[in-house]
Amino acid sequence: MKLPLHIIRNPFLISSYFSANKSGSWASVLLKAVGVLSRDSRWHADLLNVLTEEMGSLNKQLNAWTGNNPLLDRITEPYKRSNTQFFHPLLVLLMSRASRMEGNTSQQMFQRYKQLSRVTELIHAANLIHINIREDQSTEELKLATLVGDYLLGKASVDLSHLESNAVTELMASAIANLVEGHFMKSRSLADAQANERMLLLQSAFLPAKACLSASILNNASTHINKACFTYGRFLGLSMHVAHEDIPEKMEQKTKKMDLLNDYRKNAKDALTVFPDVEAKQALIEIADRVSIA
Amino acid sequence: MLHNGILKLSLKSTWRNQGCRVLFRAASKSANFTGLIENELRQVSPGIRELLSSKFEELSKCSRYYTIAQGKQMRPSLVLLVSKATSLCSGIDQSIVGSNFLEDDAPDHVSTGQVLPSQLRLAQITEMIHTASLLHDDVIDHASSRRGHPSSNVAFGNRKSVLTGNFILGRASTAMARLRTPKVTELFATVVADLVRGEFLQLKNTADTNSLELQPFHFDYYIEKTYLKTASLISKSCQSAAILGQCSPTVIEAAADYGRYVGTAFQLMDDVLDYTSQDETLGKAANADLNLGLATAPVLFAWKQYPELGAMVINRFNCPSDVKKARELVESTDGIEATVKWANDYILKAHEALQCIPDSPARQALHAVAEKVVARNY
């Protein structure tokens, strides 16, 4: 079997490319998405490589500032081992393509899409690191975990401001607040289905939804395209949360969950009907299809 | 409010010579400069609580924790005073042709200036960013108390402290976007990055841990850390106030400079107070800096006289006896006096920076605030 070049260069991808479990099928979907984007422009050709490199250089900077503190690896682990790594950037880039109106786009626009995708990934990473802070950690670990997350949020803030879009700043800043709201909601017992869905939305759906909408806004797309982007991101986020939750014991609950998941996936795909671009749409449909309970 | 007579006298003076500073000290004792911004200042905390409102009671409680025991509200005060002072350069009271030709038969009247709604909002955002940084600082410093109450990490745990800080940052940035002024959004984004960078600088006491001798770069490192952690927010918020007021580049720069000098002097005095005050006065433990392993200005000055401080600085006062020894050494030198003098130098520069802004009660108040920074009881 022929391996794409960027897989060979990235060890993380090799293992998940071949693995049979859900993260393997996820990786193949991401690769398909990368393929679509690569054909789109030469600036996206080496996408996963670029993303890996960028995260790598942030890691290097942190190592420099902390004198290669061995705790750094442990702190960044929640992000590195998450199966949603690089999911947001790829989603944003696909959405940028799907919501685009004219044929050709300038390099400057591609830079802006990339900046937005970076902002999204940074917010996602910072949140993972901060919500994994535990009270029983050593003072030093607490300090580093706080600082590393803050570093990522600081970078996100600066990158966000460089987009010079009031709408996008408002959206992505509110997404930061949503993630915290979702976490605080977790501690309550939620019998009510509506409240439960609200919690899922805050924790997992609003970040991708707002990122997708932001991509559309950067393209100056129409209101109904904007709405479609938001809706797709929202339902995709919901379906990913449900799929990655712990599997319930009882058959009845498992069926309920499958129904919910299928419902969310259908809603996500339905939102795509308004998009003209066939290739990007196809990739987005496949992504929704691939979200499944292990 | 300043009595008219004193106002006229100080209007004629310049702020460069020692004499008028003495004159001003007398005036400031009777001046209640917060009266100028009383109305706006009163709206800062309630406004912040509104911006932080949430359906989740626990989150509301945590995010409002530091808005109840208010603190000095120095940062919002500066933003509001700068707003008022600079509004006379380009606001609704500024004459277009100048008083020479107007021949208005109106009594001599000095406008006190205005604060725009956007500037009040800016003051709230500034305080929110500061509060968010306090919540994270409490975790980073493993604090136990602040402003005479349990610190946030003690009150609701480390994770919730950090996440609440993020929540406040998110809400502050959302409010910032609504000011619809990308330049100001950009400035505040750099403030956030600066605050983080400052914390990283504080992980060590110096960039080069090989040299045991005091060198000029040690002071540079300390001043840079001080800028990033304290002066940046104050400077850029003052600068942003002037930008929102649509002031000229000169005035915008003056506001930035004023904020930077006052902010730096404030931190220097804070570092002095850590050595000189008793526990109750400060609201947090004295000698906190040494216990955290931090080498602040008094220690750096004392290092000049006592080379043995070098090893302690590099090792962040690790050994149990270091803190006590360092404190004794600092007290036996003029390290504290030198730091206070350094702070005074910055305040002189702050006074100078205000020269290009028309004189007014608000500008006088800015001078008064600057003086107050170095008049803190130590």
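Parameters at a glance
- Residues numbered from 1 in each chain as written.
- Chains lettered and ligands numbered in written order.
- Predicted model: local features only at pLDDT ≥ 70, side-chain atom pairs only at ≥ 80, totals over all residues.
- Heavy atoms only, no water.
- UniProt positions renumbered as here; feature names shortened; annotations may be inferred.
- Helix = DSSP H or I, 4+ residues; strand = E, 2+ residues; numbered from the N terminus.
- Buried < 20%, exposed > 50% of the residue type's maximum accessible area, 1.4 Å probe, protein only.
- Areas by Shrake-Rupley, 256 points an atom, 1.4 Å probe, with all protein chains shown as cover.
- Core = buried A, V, L, I, M, F, W, Y, C linked by side-chain atoms within 4.5 Å.
- Contact = heavy atoms within 4.5 Å.
- Expected span 1.5 Å × (residues − 1).
- Phe/Tyr/Trp six-rings, centres within 6.5 Å; stacked < 30°, edge-to-face > 60°.
- Axes fitted to C-alpha atoms, helices over the stretch in contact; angles between N-to-C directions.
- Parallel < 35°, antiparallel > 145°, perpendicular 65-115°, else oblique.
- Left-handed = near helix turned anticlockwise from the far one by under 90°.
- Nonpolar A, V, L, I, M, F, W, Y, C, P; charged D, E, K, R; others polar.
- Arc of directions from axis to C-beta.
- Salt bridge = Lys/Arg side-chain N within 4 Å of Asp/Glu carboxyl O.
- Buried area = accessible area lost by both parts, 1.4 Å probe.
- Polar contact = N/O pair within 3.5 Å; in protein donor to acceptor, adjacent residues only side chain to side chain.
- pLDDT = per-residue confidence, 0-100.

Chain B has the name Decaprenyl diphosphate synthase subunit Dps1 in an unreviewed UniProt entry, where Schizosaccharomyces osmophilus is given as its organism. Comment text from UniProt for chain B, heading Sequence similarities (unreviewed entry), reads "Belongs to the FPP/GGPP synthase family."

In the nomenclature of an unreviewed UniProt entry, chain A is known as Decaprenyl diphosphate synthase subunit 2 Dlp1 of Schizosaccharomyces osmophilus. In the Sequence similarities (unreviewed entry) part of its UniProt record, chain A is described as follows: "Belongs to the FPP/GGPP synthase family."

K.L.:
Explain the overall build of chain B here, please?
P.N.:
When helices and strands are tallied, chain B shows 21 helices and two strands. Put simply, chain B has 378 residues, and 60% of those count as buried. On chain B, roughly 16,300 Å² of surface is accessible, and the fraction owed to carbon and sulfur atoms is 51%.

K.L.:
Looking at this structure, I do not really get the overall build of chain A. What am I missing?
P.N.:
Scanning chain A from terminus to terminus reveals 13 helices and zero strands. Starting at the N terminus and ending at the C terminus, chain A contains elements arranged as α-α-α-α-α-α-α-α-α-α-α-α-α. Accessible surface computed for chain A: about 12,900 Å², of which carbon and sulfur atoms make up 51%.

K.L.:
Before we go on, may I ask you to explain the nonpolar core in this structure?
P.N.:
The tendency in soluble globular proteins is for nonpolar side chains to be buried as a group. Of all hydrophobic cores here, the largest spans 200 residues; its most connected members are Met172 and Tyr232 of chain A together with Leu78, Leu122, Ile129, Tyr258 and Phe317 of chain B. Apart from residues no more than four positions distant in its own chain, Leu78 of chain B is found in contact with Ile234, Cys238, Tyr258, Val262, Leu366 and Val369 of chain B.

K.L.:
Honestly, helix 7 (residues 107-131) of chain A in this entry has me stumped. Any pointers?
P.N.:
Given 3.6 residues per turn, any residue in an α-helix points the same way as the ones three and four places further on. Compared with the 36 Å implied by 1.5 Å per residue over 25 residues, the 36 Å span of helix 7 of chain A between its first and last C-alpha is a close match. Among the 25 residues of helix 7 of chain A, 18 are classified as buried, and the element is accordingly described as predominantly covered.

K.L.:
Whenever I open this one, the packing of aromatic side chains confuses me. Can you help?
P.N.:
What describes a pair of aromatic rings is the distance from one ring centre to the other and the angle between the planes of the rings. Residues and elements named next belong to chain B. Under the definition given, this model contains 13 aromatic pairs over all chains. Seen in terms of ring centroids, Tyr222 and Trp342 are 6.2 Å apart; in terms of plane orientation they differ by 35°. Their pairing is tilted. Here Tyr222 is found in helix 13 (residues 216-244), whereas its partner Trp342 is found in helix 20 (residues 335-353), with 120 residues between them in sequence. Ring centres of Phe301 and Trp342 lie 5.8 Å apart, and the angle between their planes is 80°; on these two criteria the pair is classed as edge-to-face. On the criterion of sequence distance, the pair formed by Phe301 in helix 17 (residues 297-305) and Trp342 in helix 20 is long-range, its members being 41 residues apart.

K.L.:
Help me out: how do you make sense of the packing of helix 6 (residues 87-98) of chain A against helix 7 of chain A in this one?
P.N.:
In a pair of packed helices, the angle between the axes and the distance between the axes together describe the arrangement. Residues and elements named next belong to chain A. The interhelical angle for the contact between helix 6 and helix 7, taken along N-to-C directions, is 150°, at an axis separation of 8 Å. With respect to helix 7, the axis of helix 6 lies roughly antiparallel. Note that helix 6 runs across helix 7; the crossing there is right-handed. Residues His88, Pro89, Val92, Leu93 and Ser96 of helix 6 lie in contact with helix 7, whose contacting residues are Tyr113, Lys114, Leu116, Ser117, Thr120, Glu121 and His124. Looking at the contact of helix 6 with helix 7 residue by residue, the classes come out as five nonpolar, five polar and two charged.

K.L.:
Help me understand the environment of Val44 of chain B, please; the structure alone is not making it clear to me.
P.N.:
Residue and element names in this part refer to chain B. Residue placement: Val44 occurs in helix 4 (residues 44-51). Considering only alpha carbons, one finds Val44 and Gln73, 29 residues apart in sequence, at a separation of 8.9 Å. Aside from chain neighbours lying at most four places away, what touches Val44 is Gln73, Pro76, Leu80, Leu120, Ala123 and Gln124.

K.L.:
Whenever I open this one, the side chain of Ser63 of chain B confuses me. Can you help?
P.N.:
Residue position: Ser63 of chain B is located in helix 5 (residues 57-63). Those residues in contact with Ser63 of chain B that sit more than four places away from it in its chain are Leu52, Thr164, Phe167 and Ile168 of chain B.

K.L.:
Quick question: what am I supposed to make of the packing of helix 4 (residues 47-66) of chain A against helix 8 (residues 139-162) of chain A here?
P.N.:
Residues and elements named next belong to chain A. Where helix 4 contacts helix 8, the axes come no closer than 12 Å and their chain directions differ by 130°. On the basis of the axis angle, helix 4 is oblique to helix 8. Handedness of the helix 4/helix 8 crossing: right-handed. Listed contacts from helix 8 to Leu58, Gln61, Leu62, Trp65 and Thr66 of helix 4 are Leu144, Val148, Tyr151, Leu152 and Lys155. Its residues assigned to classes, the contact of helix 4 with helix 8 comprises seven nonpolar, two polar and one charged.

K.L.:
In this structure, what is going on with helix 5 (residues 71-80) of chain A? I would like to understand it.
P.N.:
Along helix 5 of chain A, the residues that are buried comprise Leu71, Leu72, Ile75, Thr76, Pro78 and Tyr79 of chain A. In a view along the axis of helix 5 of chain A, the buried residues occupy a sector of 130°, so they form one face of it.

K.L.:
For this particular structure, what's the right way to read the side chain of Arg75 of chain B?
P.N.:
Along the chain, Arg75 of chain B turns up in helix 7 (residues 74-90). Excluding anything up to four places from it in sequence, Arg75 of chain B contacts Thr126, Glu127, His130, Thr230, Leu233 and Ile234 of chain B.

K.L.:
Mind showing me how you'd approach the pattern of salt bridges here?
P.N.:
All names here are of chain B. Considering all chains together, one arrives at 21 salt bridges over all chains under this definition. The residue Lys236 makes a salt bridge to Asp194 at a minimum N-O spacing of 2.9 Å. Here Lys236, found in helix 13, pairs with Asp194, found in helix 12 (residues 182-201); they are 42 residues apart in sequence, far enough to count as distant. Of the two residues, Lys236 and Asp194, both sit in the buried class.

K.L.:
I'm lost on the interface of chain A and chain B in this one. Help?
P.N.:
By a frequent convention, interface size equals the accessible area lost on bringing the separate parts together. Taken together, the contact between chain A and chain B spans 40 residues of the former and 41 residues of the latter. Here chain A and chain B share an interface that buries about 3,700 Å² over both sides, 70% of which is from carbon and sulfur atoms. Ranking the residues of chain A by area buried against chain B places Trp65, Leu147 and Phe184 of chain A at the top, with a combined share of 19%. The salt bridge involving Arg171 of chain B is made with Glu181 of chain A; its shortest N-O contact spans 3.1 Å. Between chain A and chain B we count nine residue pairs in polar contact (both at pLDDT 80 or more) in total.

K.L.:
When you look at the environment of Leu163 of chain B in this model, what are you seeing that I'm missing?
P.N.:
Structurally, Leu163 of chain B can be placed in helix 11 (residues 158-177). The spacing of Leu163 of chain B and Asn205 of chain B is 42 residues in sequence and 28 Å in space, taken between C-alpha atoms. Contacts of Leu163 of chain B, omitting those with residues within four sequence positions, involve Asn127, His130, Ile131, Val180, His183 and Phe184 of chain A.

K.L.:
Can you walk me through the environment of Lys61 of chain B in this structure?
P.N.:
Residues and elements named next belong to chain B. Its place among the elements puts Lys61 in helix 5. Overall, the relative accessible area of 61% leaves Lys61 in the exposed class. The spacing of Lys61 and Lys160 is 99 residues in sequence and 11 Å in space, taken between C-alpha atoms.

K.L.:
Mind showing me how you'd approach the confidence of the model for chain B here?
P.N.:
If pLDDT is low for a region, its predicted coordinates should not be looked at in detail. Model confidence for chain B is summarised by a mean pLDDT of 86, while 87% of its residues fall at 70 or above. The low-confidence segment residues 1-31 of chain B (pLDDT under 50) makes 36 contacts with residues lying over four places distant or belonging to another chain.

K.L.:
Looking at this structure, how should I read the confidence of the model for chain A?
P.N.:
Across chain A, the average pLDDT comes to 84, with 85% of residues at or above 70. Across residues 14-22 of chain A, where pLDDT falls below 50, the model places 17 contacts with residues more than four positions away in sequence or in other chains.

K.L.:
Would you explain unusual backbone geometry in this entry?
P.N.:
Trans peptide bonds make up most of the peptide bonds, and negative phi angles are found at most residues other than glycine. Backbone geometry at Asn220 of chain A places phi at a positive 55°, although glycine is not the residue there. When you line up the elements, Asn220 of chain A lands in the loop between helix 10 (193-218) and helix 11 (223-244). Judged by relative accessible area, which is 69%, Asn220 of chain A ranks as exposed. Its identity as a non-glycine residue notwithstanding, Arg180 of chain B has a phi of 55°, on the positive side.

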